[in-house]
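Read off the chains here:
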Amino acid sequence: MFIHPTAIVEENVEIGENTRIWHFAHVRRNAKIGYSCVIGKGVYVDEGVRIGNRVKIQNFVSVYKGVTIEDDVFIGPHATFTNDKYPRAFGDRELVETLVKRGASIGANSTIVCGVTIGEYAMIAAGAVVTKDVPPFALVMGVPGKIRGFVCKRGHPMSVKEEFEDRILYRCERCDEELLVPKGIVPKRENN
Amino acid sequence: MFIHPTAIVEENVEIGENTRIWHFAHVRRNAKIGYSCVIGKGVYVDEGVRIGNRVKIQNFVSVYKGVTIEDDVFIGPHATFTNDKYPRAFGDRELVETLVKRGASIGANSTIVCGVTIGEYAMIAAGAVVTKDVPPFALVMGVPGKIRGFVCKRGHPMSVKEEFEDRILYRCERCDEELLVPKGIVPKRENN
Amino acid sequence: MFIHPTAIVEENVEIGENTRIWHFAHVRRNAKIGYSCVIGKGVYVDEGVRIGNRVKIQNFVSVYKGVTIEDDVFIGPHATFTNDKYPRAFGDRELVETLVKRGASIGANSTIVCGVTIGEYAMIAAGAVVTKDVPPFALVMGVPGKIRGFVCKRGHPMSVKEEFEDRILYRCERCDEELLVPKGIVPKRENN
């Protein structure tokens, strides 16, 4: 385990073996970070956040209270989470939770609006704003984020190989990986 | 008043009672911050910026010279302001001002392009890019930001209750708050 | 040359005369930064990055390994680069390079997806996500970024002055600067 001298780690934090916490990062009390993670420059991990194993979080990401991140997740630079649907400087706040499932990737500068679940191995493109649940392996792009296709486990965009009555078979040409998806998940481009 | 030891506050800064300035924040000379504010991790407050009372500024926000922020404003994490319409690394710069009025909220990762006024209690959605003035209570989303409706004082989206000849009555179902708005402010979806 | 005491500059870094490196910035080994540059608050310059002369990089920008920035480039606050097309927390990574040519400007909170070349004096608008090469002097906006016109050397949007059979003449009304551009570069609005 390595914590850079400029990083701030509060009391009662659990950090797994081989995890590195870099310059000017801040991990708040009661957070739990698994083993073999990388917590990049300036990253903010709020109170009580749970982060799995082998998670890579790039520069300046903010992970707020109420967010749970499973194993093998990638979070690109400058991405942020939120935990308040109707943010105001005044009045009572209602904390809304967010879940990022195993193996998902969240692109640079994207925003994950609270209340969603991002499925296993989903891929959120750079600059996207996620406002709805994301199915496993789905590729989400844009503002607001829309499903634009599916990716393989290694993150490559897959192409449509065959259409059945109510499902579509996607295939990664590089990995030979295949995925069967119910029809109607990817919205038609014209309707967006 | 509390200033974290890692924060940097330059000379001739005014900071009100009960305001907290957090880790690695930087407040430049001649800035004025009111009372009961929260200035989050890494936030940058430029020379001469005016910030009202009870303002909450989340992690990594940059508030540049020429920006004025009134009371009770919320600014979400990673949002940024600008102060130059045609930024270049060379030549003369012309500073352009921006005003955020009382009670407005600015979403996570949004960008406020200089020269605009954001009206009282307006709500800028996460990831939006604001390039035009925003009327009071308006909800602005997208890149570029467009008015998509109106919110109540507490920030909930309102629904259309009644349409009159030249005005529309909006109503918050949770707060019973009502708002009368001239027709034509919310652009038709098809024209965007 | 000035390096703020809170900035971190690793070994074997070359920094030109009159360059200023501000609070909490981090410049990694083997990076090379030219003369008369400004490296803003919190900026991250990765290993081996090459930055030209008179470059201005605003707060919290991340410039990753594989990125080259030529002279006179402006990079707005919170912009980020990437260097991985299919980011995952696991598996082998393939570094993809990016080039920003002389005089270009990159707007606040924009994202430059790796693998692109941004042409001389191009202007990337605030919040844009660049996923394709950008021609010289082009103005790119939106998510994903699209060419919306052209700017003059000082950054002002130009207007169409004359259309020829296969080229369009743009002109800046403020600077009298003219630019001849092949037809078909700016996509029709309806098709976007």
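What you see is a predicted model, and the numbers here were worked out from it, not measured in a lab. (Residues numbered from 1 in each chain as written. Chains lettered and ligands numbered in written order. Predicted model: local features only at pLDDT ≥ 70, side-chain atom pairs only at ≥ 80, totals over all residues.)

Helix and strand counts for chain A stand at 0 helices and 25 strands. Relative to the compact-globule value of 16 Å for 192 residues, chain A shows a C-alpha radius of gyration of 18 Å, a close match. Its C-alpha atoms give chain A principal-axis dimensions of roughly 55 × 40 × 20 Å. When each of the 192 residues of chain A is scored for burial, the buried share is 50%. (Helix = DSSP H or I, 4+ residues; strand = E, 2+ residues; numbered from the N terminus. Rg over C-alpha atoms; globule rule 2.2 N^0.38 Å. Buried ≥ 20, exposed ≤ 12 C-beta atoms within 10 Å, placed from the backbone.)

Attention now moves to the sheet that holds strand β23 (residues 159-163) of chain C. Pairing between the strands of a sheet is mediated by backbone hydrogen bonds and can be parallel or antiparallel. Residue and element names in this part refer to chain C. The strand order across the open sheet built from 3 strands is β23-β24-β25, with neighbouring strands paired in antiparallel fashion. The open sheet has two free edges, formed respectively by β23 and β25 (178-182), since each of these has just one partner strand. When strand polarity is set aside, the average angle formed by the axes of neighbouring strands in this sheet is 30°. Bridge count for strand β24 (residues 167-171) against β25 is 5 bridges, and the pairing is antiparallel. Across the sheet, residue Arg171 finds its bridge partner in β25, namely Glu178. (Pairing = 2+ DSSP bridges. Axes fitted to C-alpha atoms, helices over the stretch in contact; angles between N-to-C directions.)

Bringing the interface of chain A and chain C into the picture now. Facing 25 residues of chain A, the contacting portion of chain C comprises 21 residues. Taken together, the residues of the side of chain A that touches chain C sort by class into 9 nonpolar, 11 polar and 5 charged. (Contact = placed C-beta atoms within 7 Å. Nonpolar A, V, L, I, M, F, W, Y, C, P; charged D, E, K, R; others polar.)

Of the two same-sequence chains, chain A is brought onto chain B (RMSD 0.0 Å, axial shift 0.0 Å) by a rotation of 120°. The transformation relating the two chain copies, once decomposed into turn and shift, fits a three-fold axis. (Least-squares fit on C-alpha atoms with pLDDT ≥ 70 in both.)

Turning to the pairing of strand β22 (residues 146-150) of chain B, a few remarks are in order. Residue and element names in this part refer to chain B. Both strand β21 (residues 138-141) and β22 contribute to a ladder of 4 bridges, which runs antiparallel. If you follow Met141 over to β22, its bridge partner there is Lys146. Between β21 and β22, which pair antiparallel one after the other, the connecting turn spans 4 residues, and Gly142 there sits at a positive phi close to 95°.

Below, the discussion takes up the interface of chain A and chain B. Listed per partner, the contact involves 21 residues of chain A and 25 residues of chain B. Classifying every residue of the side of chain A that touches chain B by side-chain character gives 11 nonpolar, 9 polar and 1 charged.

Time to look at the sheet that holds strand β18 (residues 117-118) of chain C. All names here are of chain C. If you walk across this open sheet you meet the 6 strands as β3-β6-β9-β12-β15-β18, and the pairing is parallel. Of all strands in the sheet, those bounded by a partner on one side alone are β3 (14-15) and β18. Bridge count between strand β9 (residues 50-51) and strand β12 (residues 67-69): 2 bridges; the pairing is parallel. Residue Ile51 lies in a different strand from β12, and its bridge partner there is Ile69.

The next point concerns unusual backbone geometry. Excluding glycine, residues mostly have negative phi values, and the peptide bonds linking residues are mostly trans. All names here are of chain A. Backbone torsion omega between Val143 and Pro144 reads -5°, so that peptide bond is classified as cis. You can see Pro144 is positioned in the loop between β21 (138-141) and β22 (146-150). Of note, Asn30 is a non-glycine position whose phi angle comes to about 65°, a positive value. In this structure, Asn30 sits in the loop between β5 (26-27) and β6 (32-33). Since 16 C-beta atoms lie within 10 Å of it, Asn30 is described here as partly exposed.

Residue position: Pro87(B) is located in the loop between β14 (80-81) and β15 (98-100). By the C-beta count within 10 Å, which is 22 here, Pro87(B) ends up buried. Taking the C-alpha atoms as reference points, Pro87(B) and Val186(B), 99 residues apart in sequence, are found 30 Å from one another. Among all residues touching Pro87(B), those that are not within four sequence positions of it are Phe74(C), Gly76(C), Ser105(C) and Gly155(C).

Let us now look at the environment of Ala25(C). Tracing the chain through its elements places Ala25(C) in the loop between β4 (20-21) and β5 (26-27). Once residues within four sequence positions are removed from consideration, Ala25(C) is found in contact with Ala7(C), Ile39(C), Lys41(C), Gly42(C) and Val43(C).

Now for the environment of Val63(C). All names here are of chain C. With respect to the secondary-structure elements, Val63 resides in strand β11 (residues 62-63). In this structure Val63 comes out as buried when scored by C-beta crowding, with 30 C-beta atoms within 10 Å. Along the chain, Val63 and Asp166 lie 103 residues apart, while their C-alpha atoms are 38 Å from each other. Sequence-distant contacts of Val63, that is, excluding residues within four places in its chain, are made with Tyr44, Val45, Asp46, Val49, Ile69 and Phe81.

Before going further, it helps to examine the confidence of the model for chain A. Model confidence for chain A is summarised by a mean pLDDT of 96, while 98% of its residues fall at 70 or above. Taken over the whole predicted complex, pTM reads 0.97, whereas the ipTM for its chain interfaces reads 0.96. (pLDDT = per-residue confidence, 0-100.)

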